[in-house]
Amino acid sequence: MEFVKPELEYAELLPLLIVFGGACLGVALEAILPRGTRRLPQVGLALVTVVAALVATVVVGVNLDEHAGAAGGEGRGLVGAMGSIVVDGPTVYLWGLLLVFALGGIALFGEQRLEGGVSAFTGQAAALPGTEGEREASTRGLEHTEVYPLLLFAVFGMLLFPASGDLLTMFVALEVLSLPLYLLCGLARRRRLLSQEAAMKYFLLGAFASGFFLYGAALVYGYAGSVSFAGINEAVRAGSANHGLLLAGIGLLAVGLLFKVGAAPFQAWTPDVYQGAPTAVTAFMAAGTKVAAFGALLRLLYVAFGGERWSWQPMLWVIAIASMLLGAILAIVQNDVKRMLAYSSVAHTGFILVGVLGVQSAGELADGQYTSLEGVLFYLTTYGFAMIGAFAIVTLVRDAGGEATAYDRWAGLGRTSPLVAGAFAFFLLSMAGIPLTAGFIGKWAVFTSALSAGAWPVVLVAIACSILAITFYVRHIRLMFFTEPSQDGAGVVTRSSLLTSGTIVVCLAATLVLGVVPGPVLDLVTGAGDFIR
Amino acid sequence: MTEYIVLSAILFTIGSIGVLTRRNAIVVFMCVELMLNACNLAFIAFARQHGNLDGQIAAFFVMVVAAAEVVVGLAIIMTIFRTRRSASVDDVSLLKF
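Here, residues in each chain are numbered from 1, in the same order as that chain's written sequence. Labels are handed out in written order, letters beginning with A for the chains and numbers beginning with 1 for the ligands. Where totals are concerned, whole chains, interfaces and linings use all residues; where local detail is concerned, this predicted model gives features only for residues with pLDDT of at least 70, and gives and counts side-chain atom pairs only at 80 or more.

Asker: Help me out: how do you make sense of the overall build of chain A in this one?
Answerer: Helix and strand assignments come from DSSP, with helices taken as H or I runs of at least 4 residues and strands as E runs of at least 2, each series counted from the N terminus. Across its full length, chain A holds 21 helices and 5 strands. C-alpha atoms define the radius of gyration in this analysis, and the globule rule sets the expected value at 2.2 Å times the number of residues to the power 0.38. At 22 Å, chain A has a C-alpha radius of gyration in line with the 24 Å of a compact globule built from 533 residues. Each of the three principal axes of chain A carries a C-alpha extent, and together these read 70 × 55 × 40 Å. For chain A, the proportion of its 533 residues judged to be buried stands at 64%. For the exposure call, what matters is how many other C-beta atoms sit within 10 Å of a residue's own: 20 or more marks it buried, 12 or fewer exposed, and in between partly exposed, using C-beta atoms placed from the backbone.

Asker: Would you explain the overall build of chain B in this entry?
Answerer: Scanning chain B for helices and strands turns up 3 helices and 0 strands. Helices and strands appear in chain B in the N-to-C order α-α-α. The globule rule puts the C-alpha radius of gyration for 97 residues at 13 Å, and the 16 Å found for chain B is more than 25% above it. For chain B, the C-alpha atoms occupy an extent of roughly 50 × 25 × 25 Å along the three principal directions. For chain B, the proportion of its 97 residues judged to be buried stands at 35%. Residue pairs are scored as contacts if the distance between their C-beta atoms, which are placed from the backbone, is within 7 Å. For chain B, the share of sequence-separated contacts (at least 6 apart) that also reach a separation of at least 24 residues comes to 46%.

Asker: Explain unusual backbone geometry here, please?
Answerer: When glycine is set aside, most residues are seen to have a negative phi, and most peptide bonds are trans. All names here are of chain A. In this model, Ala264 is joined to Pro265 through a cis peptide bond whose omega is 5°. Note that Pro265 resides in the loop between α9 (243-261) and α10 (269-276). Positioned with a positive phi, Arg191 is a non-glycine residue whose angle comes to about 50°. As for its position among the elements, Arg191 is in the loop between α6 (167-185) and α7 (192-224). Even without glycine at this site, Leu436 takes up a positive phi of about 75°. Topologically, Leu436 is positioned in the loop between α17 (418-432) and α18 (438-452). On the basis of neighbour count, Leu436 is assigned to the exposed category, with 12 C-beta atoms found within 10 Å.

Asker: Any chance you could explain the nonpolar core here in plain terms?
Answerer: Across soluble globular proteins, nonpolar side chains show a tendency to be buried alongside one another. Leu98, Leu151, Phe156, Tyr215 and Val354 of chain A are the most contacted members of the largest nonpolar core, which totals 240 residues. With 21 residues, the single largest contributor to this core is α7 of chain A. Throughout this description, the term nonpolar core refers to a group of buried Ala, Val, Leu, Ile, Met, Phe, Trp, Tyr and Cys residues whose C-beta atoms join them within 7 Å.

Asker: Is there a simple way to think about the sheet that holds strand β3 (residues 397-399) of chain A in this case?
Answerer: Within a sheet, each strand pairs with its neighbour through backbone hydrogen bonds, oriented either parallel or antiparallel. Residues and elements named next belong to chain A. In short, DSSP must find at least two bridges between two strands for them to pair. Spatially, 3 strands are ordered β4-β3-β5 in an open sheet, and the strand pairing comes out antiparallel. Edge positions in the sheet fall to β4 (402-403) and β5 (492-493), since each has one partner strand and no second. Bridge count between β3 and β4: 2 bridges; the pairing is antiparallel. Bridge pairing in β4 links Arg398 to Glu403.

Asker: Hey, could you run me through the interface of chain B and chain A in this one?
Answerer: How big an interface is tends to be stated in terms of accessible area lost as the parts join. Chain B puts 34 residues into the contact, and the matching count from chain A is 33 residues. When contributions to the side of chain B that touches chain A are tallied by element, the ones reaching two or more residues are α1 (2-21), α2 (25-50) and α3 (54-84) of chain B. Split by residue class, the side of chain B that touches chain A holds 25 nonpolar, 6 polar and 3 charged. The classification used treats Ala, Val, Leu, Ile, Met, Phe, Trp, Tyr, Cys and Pro as nonpolar, Asp, Glu, Lys and Arg as charged, and all other residues, Gly among them, as polar.

Asker: Just checking my understanding: could you explain the packing of helix α2 (residues 39-62) of chain A against helix α3 (residues 89-110) of chain A for this structure?
Answerer: Helix packing geometry: the angle between the two helix axes and the distance between the axes. Residue and element names in this part refer to chain A. Each axis is a line fitted through C-alpha atoms, and for a helix only the stretch in contact is used; angles between axes span 0 to 180 degrees, taken between their N-to-C directions. Their axes nearest at 9 Å, the elements α2 and α3 cross at an angle of 165°. Considering the angle they form, α2 stands roughly antiparallel to α3. Our pair here, α2 against α3, has a crossing hand that is left-handed. Residues Val43, Ala46, Leu47, Val50, Ala53, Leu54, Thr57, Val60 and Gly61 of α2 form the contact with α3, whose participating residues are Val92, Trp95, Gly96, Leu99, Ala102, Leu103, Ile106 and Gly110. Residue composition of the contact of α2 with α3, grouped by class: 13 nonpolar, 4 polar and no charged. Angles are sorted into four bins: roughly parallel if under 35 degrees, roughly antiparallel if over 145, roughly perpendicular if 65 to 115, and oblique for all others. Handedness of a crossing follows from how the near helix is turned relative to the far one, being left-handed for an anticlockwise turn of less than a right angle and right-handed for a clockwise one.

Asker: Can you walk me through the pairing of strand β1 (residues 77-80) of chain A in this structure?
Answerer: The side chains of a regular strand alternate between both faces of the sheet. All names here are of chain A. Taken together, the 4 bridges between β1 and strand β2 (residues 85-88) define a ladder with antiparallel strand orientation. Bridge assignment links Gly80 to a residue of β2, and that residue is Ile85. What sits between the antiparallel neighbours β1 and β2 is a turn of 4 residues, in which Ala81 has the positive phi angle 50°.

Asker: What's the story with the environment of Val86 of chain A in this structure? I'm lost.
Answerer: All names here are of chain A. Residue position: Val86 is located in strand β2. For Val86, a count of 29 C-beta atoms within 10 Å puts it in the buried group. Between the alpha carbons of Val86 and Asp523 there is a distance of 22 Å; along the sequence they are 437 residues apart. Not counting chain neighbours up to four residues away, the residues in contact with Val86 comprise Gly77, Val79, Thr91, Ala163, Gly165 and Ile532.

Asker: For this particular structure, what's the right way to read the environment of Phe294 of chain A?
Answerer: Residues and elements named next belong to chain A. Its location among the elements puts Phe294 in helix α11 (residues 279-304). The exposure class assigned to Phe294 is buried, which follows from the 26 C-beta atoms found within 10 Å. Sequence separation between Phe294 and Val261 is 33 residues; the distance between their C-alpha atoms is 6.8 Å. Apart from residues no more than four positions distant in its own chain, Phe294 is found in contact with Val261, Ile352, Val376 and Leu380.

Asker: How should the packing of α11 of chain A against helix α14 (residues 372-396) of chain A be read in this particular structure?
Answerer: All names here are of chain A. Running from N to C, α11 and α14 point in directions that differ by 170°, and their axes come no closer than 8 Å. Of the possible angle classes, the one that applies to α11 and α14 is roughly antiparallel. Counted together, Thr279, Ala280, Thr282, Ala283, Ala286, Ala287, Lys290, Val291, Phe294 and Leu298 of α11 and Leu373, Val376, Leu380, Tyr383, Gly384, Met387, Ile388, Phe391, Ala392, Val394 and Thr395 of α14 form the full contact between these two elements. Of the residues contributing to the contact of α11 with α14, the split by class is 16 nonpolar, 4 polar and 1 charged.

Asker: Is there a simple way to think about the environment of His67 of chain A in this case?
Answerer: Residue and element names in this part refer to chain A. Relative to the elements of secondary structure, His67 occurs in the loop between α2 and β1. For His67, a count of 20 C-beta atoms within 10 Å gives the class buried. Remark: the alpha-carbon pair of His67 and Gly77, spanning 10 residues in sequence, is separated by 5.1 Å. Sequence-distant contacts of His67, defined by excluding residues within four places in its chain, comprise Arg76, Gly77 and Leu78.

Asker: It is not clear to me how α3 of chain B should be interpreted in this structure. Could you clarify?
Answerer: Residue pairs three or four apart in sequence face the same way in an α-helix, which turns once every 3.6 residues. Residues and elements named next belong to chain B. Expected helix span is given by 1.5 Å per residue-to-residue step, counting one fewer step than there are residues. Taking 1.5 Å as the rise per residue, α3 with 31 residues should run 45 Å; its terminal C-alpha atoms sit 44 Å apart, in good agreement. Of all the positions in α3, only Asp54, Gly55, Ala58, Val62, Ala66, Glu69, Val72, Gly73, Ile76, Ile77, Thr79 and Ile80 are classed as buried. At the C-terminal side of α3, Arg85 shows a positive phi close to 60°.

This is how it looks when you write it as structure tokens:
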């Protein structure tokens, strides 16, 4: 057997390498710098890393045309790193999106004013809650600056996840994005028991789901004799005797990915983890994980299993309908803002899955219709901005015990702080899909795409669920604006530093602009083209 | 050939049933590791069948990832245990509907 020296396309993989290098450098800073002085260098390093990666992504995107037709087919891009990383239009778009969300995440992580000069993360994770050690850590103003390298590692995993060109890379990316998030979930400064519990639930269920993903990968490898998506595609189209092996493999792989996106019936972790994790982490995770995991799901289903479309589509029909119904119905009965947003994110997963069911190739469409890939990419954009903005506002509303997430603390917020309550209402309206917000265009794109593929029963359920979802969004808006504040103390909007308020303003602007003039971003999504195979 | 795949399927099933039924977080975690090792066995067996190295390489990566998962997982379970003096997954039930 002959071994070939691997060749890496450094120019195209630069965004990945920058983020990974920045994360490693962050770990080194932890070792070199004395404890009190770490925060500023770490925040700066994280910001510089992500901005540099964003610039590199833009450069890669502009130069993508040079690789047009390199791999055959319509898509532009190249298969790099000996077939394990695919840099094509959708990859570059998702990279840009993820890095923008990562910037928001870093800004929220770095917020210190809300807690009176310390971050939202525990001073010393090893100190037991309620002990002398914890009090000492908080009086000395200790901080875990490890959260920034952890965030960068998670971003690296997210960037790699939708770009992976074989099942093994996809599995490694899945773990690289998950492991830092498990840790980040358990690091809240307040309500540490809840936070640790969220971390444990997320970890055990996440490890369980990645076990399923891996077994699916093994079965598909057994069927196709290759782990690369191109090889699997060939084997699927050629057909072979062991069809059962392939079906079982697709099912198990789908379980692993659908867990990550939080689709029913694999949504059980979502509300608990979203509620227990520090809100900054929830904001970053809600947007980033969903974008990355949907990118990976699309690539797996379209590129590797495109020839088996009729096998996986019925399964997705059921899961999309279940997610929308379950998310919308359970969100109605919540009385905690973070849990409500979590269940609404389950419903959004269902809406995005409706888009996944749409028409795949642009050739089958009339003008003005969207392929499912375009619809899903646009929906992910609108969803991510609205989620980060909404969770950023959740960090602002506080009472003596920290963030006040119970509904009764939010009653009458619109009278005391009309601006913040108005911004939150706008994000909720966007999630509900009211016209002139980004959410409406996103829903329009995915629904029309599914309609042109003939999936009208799912679209009917989706429209019914959208209407159902409006009830709990509007109920919350009514609670903020038309209810008397509760007697035993309402939440107050605390003044934050520019980091949080800036994030909220950017998300607000993005949600508004995407709703009023969606054209440029839709062009960008359309221009991203197709996956290369 | 088939024997190895059947064995790996049995191991995987034992692991997943263990995750669903056992109450101690450490044991649950061990069952997850059993599932990953069942995957390794399947990878190796298929690599042998197809006569290429992809599956064997995958097994190495899975071992590395499993080791990283142990580090993170035990850290999380340890903090919970030190806080509550129990590693039972039934005791962590503050977050619920």
